[in-house]
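Observations on the model geometry
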Amino acid sequence: MPIDEGEPLPPAHDRVTSMAPTIDELYRAERPRLLRFLDRRAPDDRAEEIVQQVFTRLVARAQTDAVAIHSPGAYLREAAHNLLRDHARTAARNHQSQHVPIDDVEIGSGDPVAALEARDRLARIEQAVLRLKPLTRQIFLACRLDGYSYAEIAEQTGLSVRGVEKQMSRAIKQLGRHLSDHG
């Protein structure tokens, strides 16, 4: 509608109307193209993540710069290409090609014969320890299993350090004899 000479100007008369698409429209239009572009180039199905980063950067730029982007599609592809390059540099710097997810590591079952032998040996040791006299067994287990020193065991049992040494010597001899006889 034309304005007569005496009428006031409308409130937004000095604003230039932009024909540029909004971020939302740009996202809807360019996202599929970017995904196709990145699917061939992005490692480990990271295309969607890179598209999000590209649009996040675009929004941040739109808030700080008043410069219009004349070819948004080309700008977005170039930004995606730059992000791919940045990701590749970071991966190379962190040696990510050498990283293996823990879920992908196959733990070997080991040698089944060795496992059976170890189990049998453990059963023989347990039988031998159970055949020791209770005080001798207590001293042996306190030293070898719990890691107490002879002095600490002597304090706990009321024996002298020399008495603990004798008990340990007896335990080792009896265990050695039992294992050599049954092994």
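Counting restarts for each chain, with residues numbered from 1 along the sequence as it is written. Reporting of local features is limited, given that this is a predicted model, to residues whose pLDDT is at least 70; pairs of side-chain atoms are given and counted only at 80 or more, and all residues count toward the totals for whole chains, interfaces and linings. Side-chain descriptors were evaluated using all non-hydrogen atoms of the structure, hydrogens and water having been removed beforehand.

Looking at where Thr136 falls in the secondary structure, it is placed in helix H5 (residues 134-144). Here, two residues are considered to be in contact whenever any of their heavy atoms come within 4.5 Å of each other. If sequence neighbours within four positions are ignored, Thr136 has contacts with Gln167 and Ala171. Only runs of H or I of at least four residues qualify as helices and only runs of E of at least two qualify as strands under DSSP, and these elements are numbered from the N terminus.

Attention now moves to a nonpolar patch on the surface. On the surface, Val100, Ile102, Val105 and Ile107 cluster together to form a nonpolar patch covering roughly 460 Å² of accessible area. Mapped onto the elements, Val105 comes out in the loop between helix H3 (72-93) and helix H4 (112-131). With a relative accessible area of 43%, Val105 lands in the partly exposed category. Patch rule: a residue counts if its relative accessible area is over 30% and it has no salt bridge; like charges are joined within 9 Å, and nonpolar side chains (Val, Leu, Ile, Met, Phe, Trp, Tyr) within 5 Å. Every accessible area reported is derived by Shrake-Rupley at a probe size of 1.4 Å, with residue values counting cover from the shown protein chains alone. Any Lys or Arg side-chain nitrogen located within 4 Å of an Asp or Glu carboxyl oxygen qualifies as a salt bridge. The classification of residues rests on relative accessible area computed with a 1.4 Å probe and restricted to protein chains. Under 20% of the type maximum is buried, over 50% is exposed, and intermediate values are partly exposed.

For the rest of this paragraph, the subject is the pattern of salt bridges. A full pass over the atoms with the stated rule returns six salt bridges. The salt bridge partner of Asp24 is Arg28, with a shortest N-O separation of 2.7 Å. Of this pair, Asp24 and Arg28 are both found in helix H1 (residues 23-39), four residues apart, which corresponds to roughly one turn of the helix. Judged by relative accessible area, Arg28 falls into the exposed class, the value being 58%. Of the charged contacts in the structure, one is a salt bridge between Arg162 and Glu165, with a shortest N-O distance of 3.4 Å. Here Arg162 and its partner Glu165 are both found in helix H7 (residues 161-182), three residues apart, which amounts to about one turn of the helix.

By the secondary structure assignment, His87 is in helix H3. Assessed through its relative accessible area of 19%, His87 is described here as buried. Of the polar contacts made by the side chain of His87, one reaches the side chain of Arg46; its length is 3.1 Å. Whenever two N or O atoms come within 3.5 Å, that pair is a polar contact, provided that in protein one can donate a hydrogen and the other can accept it, and provided that, for residues adjacent in sequence, both atoms are side-chain atoms. Within the structure, His87 has its side chain in polar contact with the side chain of Gln53 (distance 3.0 Å).

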